[in-house]
Amino acid sequence: MKTGGSGMVSTPFAEHGSLARFSSRLGRLSQSYLAERLRTAITYDRIAGYFRSSIFELVGEEIKGIEKVRIVANADLDPEDIEAAQRVREARLFQRFVEDDLIVDAVVHRDRYSKLYELLISGRVEIKVVPRTVAPFLHGKAGVITGPEGAVAFMGSINETKAAWAYNYELVWEDSSPEGVSWVQAEFDELWAQGKPLPDAIVAEVGRLANRREVEVVNFHDQPANMVPAALAETPIYREGEALQPWQRAFVVQFLAHRETYGRARVLLADEVGVGKTLSLAASALISVLLGDGPVLIMTPSTLLEQWQIELLDRLAMPVARWHSTRKCWIDPAGRTIKGAGVPDVARCPYAVGLVSTGLIVQGVDRHGEPKPGTEAEHLLRRRYGMVILDEAHKARSSEPVGSDERFPNNLLKFITRIATRTQHMLLSTATPIQTSEADLWDILQALNQGAEFVLGSAFSDWQFPNRVLPYLKGERQVINLREGWQLITNPLPPTDNDDLIADIRSELDLGDREWLTNKFASDMSNPVIAMKAEMELTSRDYFRRNNPLLRHVVLRKRRDLERLGLLPALPVDIHPSAGEQIPAHLFDGLSLYTSEAFNIALEAVTAFTKAYARRDKPAGFMRTLLMQRLCSSQAAAIATAKALMGEGDLDEEIQEELDSSAFDPRSEERNHLHVIVDALQGGGDPKLKAVRYFLDEHVTDKRTWRELGSIIFSQYYDTAAWIAESLSLDRPDQVVALYAGTGKSRLLSGGVPTSIERTQIKHLVANREIKLVVATDAACEGLNLQTLGTLINVDLPWNPSRLEQRIGRIKRFGQTRQRVDMANLTYAGTIDEKVYRVLSERLKKSSDILGTLPETIEADWIEDIETLEERLRGYTVPRKRFDPFEDRYAAGLLAEDGWAAASEVLARSDVERILSLGWPTPRGRVATGS
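Residues numbered from 1 in each chain as written. Predicted model: local features only at pLDDT ≥ 70, side-chain atom pairs only at ≥ 80, totals over all residues. Heavy atoms only, no water.

Draft legend 1. View of the overall build of the protein. On a plain count of helices and strands, the protein comes out with 39 helices and 35 strands. Classification of the 931 residues of the protein by burial places 58% in the buried group. For the protein, restricting intrachain contacts to residue pairs at least 6 apart in sequence, the fraction spanning at least 24 positions comes to 73%. Summed over its atoms, the accessible surface of the protein is roughly 38100 Å², and 49% of this surface lies on carbon and sulfur atoms. (Helix = DSSP H or I, 4+ residues; strand = E, 2+ residues; numbered from the N terminus. Buried < 20%, exposed > 50% of the residue type's maximum accessible area, 1.4 Å probe, protein only. Contact = heavy atoms within 4.5 Å. Areas by Shrake-Rupley, 256 points an atom, 1.4 Å probe, with all protein chains shown as cover.)

What follows is the structure, encoded as structure tokens:
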């Protein structure tokens, strides 16, 4: 045995090599052992702990000259994550890497991050990761160092950190015998074979952090394109290992292009259902605010207000306020009421972005199109905006009364036509701009054209009249001479872009870049070569199919194109119950549930209540639909709604807005019927809950129950979701159930006992497979990525196909480990729900993309006559033949990598939050008059 001066004790072996022992108590191991061995090393294989930037903080200089360094590191991931699709695995690893806030660490240790980045991109350093379940080596670490004189192996509890090598109390054993080296090398090689490469995104993040610097917002005002990555790189959607989808990024880029080209953006976003329009619009709004364009008004149906508010906060860290229809006040992102002066406050939003219900707008406009005095509509029209966004814009349309050829705009269309003149940018969104005829689309385009004649041109433009231009767009008519084509190309005159013909025409006519109209003729062009070129191009068959205002101002991406490009998963969905499937006869009457006696009594009481309500000379259809939908959802939702109508609880915003009141005063007869509903349903067994239990525990798919596969259970009503979650938690106290809901309502339930939790924590627990049963409301479903769950149960079916698509989209994601996913839809036999679902069901079963060609919403009047509904939907279930140029223009170029995530120049989060938290300035000016 020999003892060294640096704390090393060595024991030679009889044949070859020796066993050396090092103690940090007797000397700093950073100097006595590691640095000395690595200085002359040729290769270095290391079994390490968790991968963090500190892994090279001490030895960066020593390994610069090593030809090959291989490190296998620990990652606290489930084996299914490791074996999942590459993009999912890499997203999870990235999420793990950044979950500890590295920004401050990168500032303090910038040199270390720079050295690490250089090493990682040099190719001489490779890192792989294995899940902790394969090798939970929190302490058992080892390595093999090969130098000119041979190889040595070492083992110990030490990490590759400065604290470990220099300051911690650590022990290291070094074995230079061939047998010892081979043994450690074999351990390394086995782990290396099972490991997966370190994602490029982590390497890029190390480089980003090494060069990261915060830049003030004003520095980007003259370079808007650079503002986008600076604002988005550190938002939650990027920190969670995801990103804006390529088509969402493309839309933001187009918004900025319009802003630069026209000085104002006028765009209709018509992506198909389920493609994710909200984030496209929200990211554009964020950039607009940061560029100083002004306040943003977002108008959406009342049922979607909270969903918008949640998604913007959870995905883009955008705090926004929503207007409460009946309390007449703003609600902040935490759900707190911001007290004020009532209705006038709608024009004084306390945040830069405000959400307002379209229902209020409709109620606030009279039949002449004038805003009613004292309404939200009047106050909103008194101010100016940087951006106005309208969701579900197809609801702003005109109609033709029987026997009339004239179209009459509804209140929403009148309103947006007026407000268009009071905003710099206007973005409209709908998956179905054409409801009954192409004229519906022109209603929206003409609204966009107000104060922005570059969209459709002046009142004399052919583009104002769909019947004149549709033959050209459909290829049914061809321009025959320059004179005919001149009218189409010069009113409005397109921007130059990369079109040589437009550039020549603008130059010949001496038109500025932002002049969109001209009273000059083709004969005014002095250059005959340009005139000849114009005639040749304009009279070609496809010119106006490839170059027209629709392509410039309507953005359309189709699911089938995105699936074909591999940007969306084309994952088959099996729908239950289905014909020929073995299902319990005591629960199901055909494909729907038997109703209980209590349900039938309540149903009769609903009918009696609505008849009594109609005697007030008020339309009772809404009230009947409202109660029917809640009764068909669950007994809990029906009881809560009936009690609220009796004054024993709070009415939800949808009801309050429709009644235009924060309270409802039932008359004696109405109250009696509401009491019947409550008395009949209280204490009885709910068939919906029995069906949920059946699908979770008895219905077997791939030899596993749905509970084992993991399941998410959806309802559009919080009362239903909370009741289901509590009931399931009481059924199985050993399984934690997550309730994923709106602001302040999310819970974990164990044995029926609730514990408050943030939505982000639930997402984390589900991603780590610690939670396999989630009950959720529609309001919170966006941003909830549940590819770790394989089944979905719809306790109720929203009469809104886009919401149904959003639900299935939670599990139908890249990284879903199942080859097919399962969805159960629960309806009651003999109810309106069953009839609506029957009409939708064939479409649901035929396509793996579920709802790609269905309308975004189903209007209430369609449902009154099921035959009418079938007729309406037939036009959607047969895919429309749309213009091919949309695919060429908007599907191309979407495969480009997202460089925004690697932005090293970023906006300070505090600056962004400060700007978004600045309220709207005091409005000035008169109410906008009609155009």
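We are not done yet, so read on.
Draft legend 2. Geometry of the pairing of strand β28 (residues 711–715). Judged by how many residues are buried, β28 sits mostly within the fold: five of five residues are covered. Bridge count for β28 against strand β32 (residues 773–777) is five bridges, and the pairing is parallel. Bridge assignment links Ser 715 to a residue of β32, and that residue is Thr 777. Here β28 pairs with strand β33 (residues 791–794) via four bridges, running parallel. (Pairing = 2+ DSSP bridges.)

Draft legend 3. The arrangement of the sheet that holds strand β22 (residues 554–555) in detail. Taken in spatial order, the nine strands of this open sheet run β16-β15-β14-β17-β13-β18-β21-β12-β22, and their pairing is mixed. Each of the sheet's edge strands pairs with one partner strand only, and the pair in question is β16 (337–338) and β22. Relative to β16, strand β15 (residues 329–331) is paired through two bridges, and the arrangement is antiparallel. Each bridged residue has a counterpart across the sheet, and for Trp 330 the counterpart in β16 is Ile 338. The strands touched by helix α11 (residues 246–262) are β12 (266–269), β18 (385–390), β21 (423–429) and β22; relative to β12, the strand with the most contacts, the crossing angle is about 160 degrees. Across the sheet, helix α17 (residues 438–448) touches β12, β21 and β22, and the angle it forms with β12 is around 150 degrees. (Axes fitted to C-alpha atoms, helices over the stretch in contact; angles between N-to-C directions.)

Draft legend 4. Region of interest: the side chain of Gln 735. Note that Gln 735 resides in the loop between α32 (718–731) and β29 (737–740). Note on Gln 735: relative accessible area 14%, which makes it buried. Among the polar contacts listed, one links the side chain of Gln 735 to the side chain of Arg 707, at a separation of 2.6 Å. Setting aside residues up to four positions removed in sequence, Gln 735 forms contacts with Arg 707, Leu 749, Lys 772 and Leu 773. (Polar contact = N/O pair within 3.5 Å; in protein donor to acceptor, adjacent residues only side chain to side chain.)

Draft legend 5. Representation of the packing of aromatic side chains within the structure. Under the counting rule described, the total for this entry stands at 16 aromatic pairs. Taken together, a centroid distance of 5.5 Å and an interplanar angle of 20 degrees make the contact between Phe 188 and Trp 192 stacked. With a gap of four residues between them, Phe 188 and Trp 192 both fall in helix α7 (residues 178–194), about one helical turn apart. According to the relative accessible area criterion, Phe 188 is buried, its value standing at 2%. When its relative accessible area of 10% is taken as the criterion, Trp 192 is described as buried. Where Phe 588 meets Phe 695, the ring centres are 6.2 Å apart and the plane angle is 75 degrees; that geometry is what we call edge-to-face. (Phe/Tyr/Trp six-rings, centres within 6.5 Å; stacked < 30°, edge-to-face > 60°.)

Draft legend 6. Highlighting helix α16 (residues 411–419). Across the nine residues that make up α16, a large majority, nine, are buried. Every buried residue belonging to α16 is among Asn 411, Leu 412, Leu 413, Lys 414, Phe 415, Ile 416, Thr 417, Arg 418 and Ile 419, and all of these are buried.

Draft legend 7. Representation of helix α27 (residues 635–645) within the structure. Across the 11 residues of α27, eight count as buried, placing the element largely inside the fold. Along α27, the residues that are buried comprise Gln 635, Ala 637, Ala 638, Ile 639, Thr 641, Ala 642, Ala 644 and Leu 645.

Draft legend 8. Examining the sheet that holds strand β34 (residues 821–825) more closely. What the eight strands build is an open sheet, ordered β23-β34-β33-β28-β32-β29-β30-β31; its pairing is mixed. In the strand order of this sheet, the two ends are held by β23 (573–576) and β31 (753–756), each with one partner. Neighbour-to-neighbour, the strand axes of this sheet turn through a mean angle of 20 degrees, independent of strand direction. Alignment of β23 against β34, held across four bridges, turns out to be parallel. Looking at β34, one finds that His 576 is bridged to Ala 824.

Draft legend 9. Expanded view of the nonpolar core. Of all hydrophobic cores here, the largest spans 70 residues; its most connected members are Leu 297, Leu 380, Phe 415, Ile 416, Leu 428, Trp 442 and Phe 544. At six residues, α17 tops the list of elements feeding residues into this core. In this structure, Leu 297 is in contact with Gly 354, Val 356, Leu 380, Tyr 385, Met 387, Val 388, Ile 389, Ile 419 and Trp 920, ignoring residues within four places of it in sequence. Listed in part, the 58 residues of the second largest apolar core include Met 628, Ile 655, Leu 696 and Ile 793. (Core = buried A, V, L, I, M, F, W, Y, C linked by side-chain atoms within 4.5 Å.)

Draft legend 10. How the structure looks around the packing of α11 against helix α12 (residues 277–290). Packing of α11 against α12 brings their axes to within 9 Å, and their N-to-C directions diverge by 40 degrees. Considering the angle they form, α11 stands oblique to α12. Crossing geometry of α11 relative to α12 is assigned as right-handed. Residues Gln 248, Phe 251, Val 252, Phe 255 and Leu 256 of α11 lie in contact with α12, whose contacting residues are Leu 279, Ser 280, Leu 281, Ala 283, Ser 284, Ile 287 and Ser 288. Among the residues forming the contact of α11 with α12, the class breakdown is eight nonpolar, four polar and no charged. (Parallel < 35°, antiparallel > 145°, perpendicular 65-115°, else oblique. Left-handed = near helix turned anticlockwise from the far one by under 90°. Nonpolar A, V, L, I, M, F, W, Y, C, P; charged D, E, K, R; others polar.)

Draft legend 11. Representation of the pairing of strand β3 (residues 18–23). Among the six residues that make up β3, six are buried, leaving the element largely enclosed by the rest of the structure. Of the two faces of β3, both are covered, the one formed by Ser 18, Ala 20 and Phe 22 as well as the one formed by Leu 19, Arg 21 and Ser 23.

Draft legend 12. The arrangement of unusual backbone geometry in detail. The omega torsion across Asn 491 and Pro 492 is 10 degrees, close enough to zero to call that bond cis. Tracing the backbone shows Pro 492 in the loop between α19 (482–490) and α20 (500–508). Although it is not a glycine, Asp 510 sits at a positive phi angle of roughly 55 degrees. Within the fold, Asp 510 resides in the loop between α20 and α21 (528–538). Phi is positive for Asp 702, close to 55 degrees, though the residue is something other than glycine. Mapped onto the secondary structure, Asp 702 falls in the loop between β26 (700–701) and β27 (704–705). Overall, the relative accessible area of 57% leaves Asp 702 in the exposed class.

Draft legend 13. Broad picture of the pattern of salt bridges. Within the structure shown, the criterion is met by 37 salt bridges. A salt bridge links Arg 732 to Asp 697; the nearest nitrogen and oxygen atoms lie 3.8 Å apart. Of the two residues, Arg 732 is situated in the loop between α32 and β29 and Asp 697 in helix α30 (residues 687–697); the sequence distance between them amounts to 35 residues. For Asp 697, a relative accessible area of 35% translates into the label partly exposed. The shortest N-O distance in the salt bridge between Arg 732 and Asp 734 comes to 3.4 Å. Exposure remark for Asp 734: the relative accessible area of 62% places this residue in the exposed category. Taken together, the salt bridges that share partners define one network made up of Glu 205, Arg 208, Arg 212, Glu 214, Glu 234 and Arg 239. (Salt bridge = Lys/Arg side-chain N within 4 Å of Asp/Glu carboxyl O.)

Draft legend 14. Main features of a nonpolar patch on the surface. Together, Val 104, Val 107 and Val 108 make up an exposed nonpolar region whose accessible area comes to about 280 Å². Mapped onto the fold, Val 108 is located in helix α4 (residues 103–108). Residue classification places Val 108 among the exposed residues on the basis of a relative accessible area of 58%. (Patch = residues over 30% accessible without salt bridge, like charges linked within 9 Å, V, L, I, M, F, W, Y side chains within 5 Å.)

Draft legend 15. Region of interest: the environment of Arg 348. On the secondary structure map, Arg 348 appears in the loop between β16 and β17 (353–357). Between the C-alpha atoms of Arg 348 and His 379, which are 31 residues apart in sequence, the distance is 9.4 Å. Residues contacting Arg 348, with those up to four places away along its chain left out, are Trp 330, Ala 341, Trp 920 and Pro 923.

Draft legend 16. Structural context of the side chain of Glu 376. Positionally, Glu 376 belongs in helix α15 (residues 376–380). At 3.0 Å, the side chain of Glu 376 and the side chain of Trp 323 are in polar contact. Apart from residues no more than four positions distant in its own chain, Glu 376 is found in contact with Trp 323, Ser 325, Lys 328, Val 343, Val 346 and Leu 360.

Draft legend 17. Up close: the packing of helix α5 (residues 110–122) against helix α8 (residues 200–211). Relative orientation of the contacting elements α5 and α8 amounts to 145 degrees, with a least axis distance of 8 Å. Judged by the twist between their axes, the crossing of α5 over α8 is left-handed. Contacts between α5 and α8 involve Arg 110, Tyr 113, Ser 114, Leu 116, Tyr 117, Leu 120 and Ile 121 from the first element and Val 203, Val 206, Gly 207, Leu 209, Ala 210 and Asn 211 from the second. Residues of the contact of α5 with α8, tallied by class, amount to nine nonpolar, three polar and one charged.

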